[in-house]
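Analysis of the macromolecular model
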There are 2 protein chains.
Amino acid sequence: MRIVVADCSVIYTGRGDTRLPRAVRAIIVKDDGSISVHNDKSNKPLNYMGKGNELSEVELEDCKLWFFDTRQESLRITLHEVISDTDFLLDRNDEGLIRDGTEKQLQAWLAENPEALGEGYTFVQREYQTGAGAVDLLVTDPEGNPVAVEVKRVAMINSVSQTQRYVESMKEDPEFANTTGIIAALDIRPNTVKLADKKKIRCVTLPTWWRDPADTSM
Amino acid sequence: MRIVVADCSVIYTGRGDTRLPRAVRAIIVKDDGSISVHNDKSNKPLNYMGKGNELSEVELEDCKLWFFDTRQESLRITLHEVISDTDFLLDRNDEGLIRDGTEKQLQAWLAENPEALGEGYTFVQREYQTGAGAVDLLVTDPEGNPVAVEVKRVAMINSVSQTQRYVESMKEDPEFANTTGIIAALDIRPNTVKLADKKKIRCVTLPTWWRDPADTSM
DNA sequence: TGGTGCATTTCGCCC
DNA sequence: GGGCGAAGTGCACCA
């Protein structure tokens, strides 16, 4: 990892267009070719470009130019003055984060504990494919009718349309004509409950839940 | 900006739970208290915490512990061995990015050029408030009927539900009973076009467009 | 302060 | 490689 502290200005063109006026910033160039320009605020870089970029350098009279170009994007850094330039050796094969408490795990737990949706609910399938994408969970209600369950950590207003989209797509199949929808989440926003109610989608707030640390099966 | 390169392991608990096994990584502590842990891949930090955190340090026999705790979250870094620890002085008042080609600008341009939606379209209002959130643009079609326009740089499948939500909400008002919807974007995904078609929402692919560099009005 | 939606979102999974 | 949805998303804007 190379860190260059420099008085620099930046122009990016690609998915959008941005400019950075001249200032002293830190430029981080990583082993995989990713590059990012940081100021002393926030974790997010000001400018950046993904891995696989080749650095071209042009030395001018009073400054240095760095070009990172791909077919689609272009990042140009003007280095007016380099204050420091350091290389750090990090572990090459750092596998990265081990996550826990993800939506996938919540989904798995709910598949094992469908009674959390109410008495008489029965698990049928995870990731059930509809014409409009995969429903997190397919279950049946006490009457045996199919129910599309959208699982979320936090459910917001757009979860309602999402669930509705799945239910509608399933209803097109005569066998699933009386499908209903449920939003199951650890946290459901009040406005979301209101809209879901209007759309006849049931909201189930799940109990704060945690996975058995011994269980590695995701 | 302080950069510590160290053999470290990390535990985070808060919005989710993550662990990082021991490895040599770079830890960046910024002026505003934000902290991030990086490996030598990707621009995204492995672990991080936002501004306003206080670092507590505990020195143990064979390692050092760093705690960053808020009411909701907790980040604990175990420093097994510190390889380097450097301070860099960056500009304090770096104002950050100047953006161009944003959705807001596209919206402003379309407000000025409603004929891009088709002959006879007339601009009415930007950010028109409906019961389900603000529509980017309210226009009228050649027949004088209201049209809710959702502006996107890239329109994907969820833009359809979003537009539909606005249209439905507007239709509740008798005065807007015959409202229709348009998705206007630089890039509309094929599946999105298909679903929009099914939902009677018109798709308009806008020409590649760029703002007048002299125009500073957002 | 909370709700809502954009983002150069990034990232991962599945087809 | 494209489509799609999650993310410890971050962030700005608005009520």
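Quick look at the structure, then.

Thresholds, definitions, all that
Residues numbered from 1 in each chain as written. Chains lettered and ligands numbered in written order. Predicted model: local features only at pLDDT ≥ 70, side-chain atom pairs only at ≥ 80, totals over all residues. Heavy atoms only, no water. Near = heavy atom within 4 Å. Polar contact = N/O pair within 3.5 Å; in protein donor to acceptor, adjacent residues only side chain to side chain. Helix = DSSP H or I, 4+ residues; strand = E, 2+ residues; numbered from the N terminus. Nonpolar A, V, L, I, M, F, W, Y, C, P; charged D, E, K, R; others polar. Pairing = 2+ DSSP bridges. Axes fitted to C-alpha atoms, helices over the stretch in contact; angles between N-to-C directions. Contact = heavy atoms within 4.5 Å. Least-squares fit on C-alpha atoms with pLDDT ≥ 70 in both. Buried < 20%, exposed > 50% of the residue type's maximum accessible area, 1.4 Å probe, protein only. Phe/Tyr/Trp six-rings, centres within 6.5 Å; stacked < 30°, edge-to-face > 60°.

Comments concerning the protein's contact with DNA strand C
Taken together, 25 residues sit near DNA strand C, with Asn191 of chain A together with Ser42, Arg99, Lys152 and Arg153 of chain B positioned nearest. Arginine 99 of chain B is positioned with one of its side-chain polar atoms (N or O) 2.5 Å from a phosphate oxygen of DNA strand C. For DNA strand C, a phosphate oxygen lies 2.6 Å from a polar atom in the side chain of lysine 152 of chain B. For the surface near DNA strand C, the elements supplying multiple residues, two or more each, are strand 4 (47-49) and helix 3 (190-198) of chain A together with strand 11 (146-155) and helix 2 (157-171) of chain B. Looking at the surface near DNA strand C, its residues break down into eight nonpolar, seven polar and ten charged.

Here's the deal with the sheet that holds strand 13 (residues 202-205) of chain A
Strands belonging to one sheet form pairs held by backbone hydrogen bonds; the direction of such a pair is parallel or antiparallel. Residues and elements named next belong to chain A. In spatial order, the strands read 9-10-11-12-13; together these five strands make up an open sheet with mixed pairing. Two strands close off the open sheet at either side, each with one partner strand: strand 9 (122-130) and strand 13. Each strand of the sheet is rotated relative to its neighbour by a mean of 35 degrees, with strand direction disregarded. Note that strand 9 and strand 10 (residues 133-140) share seven bridges and pair antiparallel. When the bridges of strand 10 are listed, phenylalanine 123 appears paired with valine 139. The strands touched by helix 1 (residues 103-112) are strand 9, strand 10, strand 11 (146-155) and strand 12 (180-188); relative to strand 11, the strand with the most contacts, the crossing angle is about 140 degrees.

Observations concerning the sheet that holds strand 10 (residues 133-140) of chain B
Residue and element names in this part refer to chain B. Read from one edge to the other, the open sheet built from five strands follows the order 9-10-11-12-13, with strand pairing classed as mixed. Looking at strand neighbours, the two that pair on one side only are strand 9 (122-130) and strand 13 (201-205), the edges of this open sheet. For this sheet, the mean inter-axis angle between neighbouring strands, taken without regard to orientation, is 35 degrees. Here strand 12 (residues 180-188) runs beside strand 13; their pairing, made up of five bridges, is parallel. Paired with alanine 185 across the strands is threonine 205, a residue of strand 13. With respect to the sheet, helix 2 is in contact with strand 9, strand 10, strand 11, strand 12 and strand 13, its orientation differing from that of strand 11 by roughly 165 degrees. In the packing of helix 3 (residues 190-198) onto the sheet, contacts are made with strand 11, strand 12 and strand 13, and the angle to strand 13 comes to roughly 145 degrees.

Considering the relation of the copies chain B and chain A
Taken as rigid bodies, chain B and chain A are interconverted by a rotation of 180 degrees and an axial shift of 0.1 Å, the fit giving an RMSD of 0.2 Å. On this basis, the relationship between the two copies can be described by a two-fold rotation axis. Looking at the rotation axis and the C-alpha trace of chain B, the residue lying nearest is serine 161 of chain B, at 3.0 Å. Mapped onto chain A, 100% of the interface residues of chain B are again interface residues, and the two copies thus contact each other with one and the same surface.

Brief notes about the environment of valine 58 of chain B
Residue and element names in this part refer to chain B. Mapped onto the fold, valine 58 is located in strand 5 (residues 55-59). Among the residues examined, valine 58 registers a relative accessible area of 33% and is labelled partly exposed. With residues up to four places along the chain from it excluded, the contact list for valine 58 reads Cys63, Lys64, Leu65 and Phe67.

Here's the deal with the packing of aromatic side chains
Residues and elements named next belong to chain A. Scanning the entire structure with this criterion turns up four aromatic pairs over all chains. For the pair tyrosine 128 and phenylalanine 176, a centre-to-centre distance of 5.8 Å together with 45 degrees between the ring planes defines the contact as tilted. One end of the pair, tyrosine 128, is in strand 9; the other, phenylalanine 176, is in the loop between helix 2 (157-171) and strand 12, and 48 residues separate them in sequence. Phenylalanine 176 carries the same exposure label as tyrosine 128, and that label is buried.

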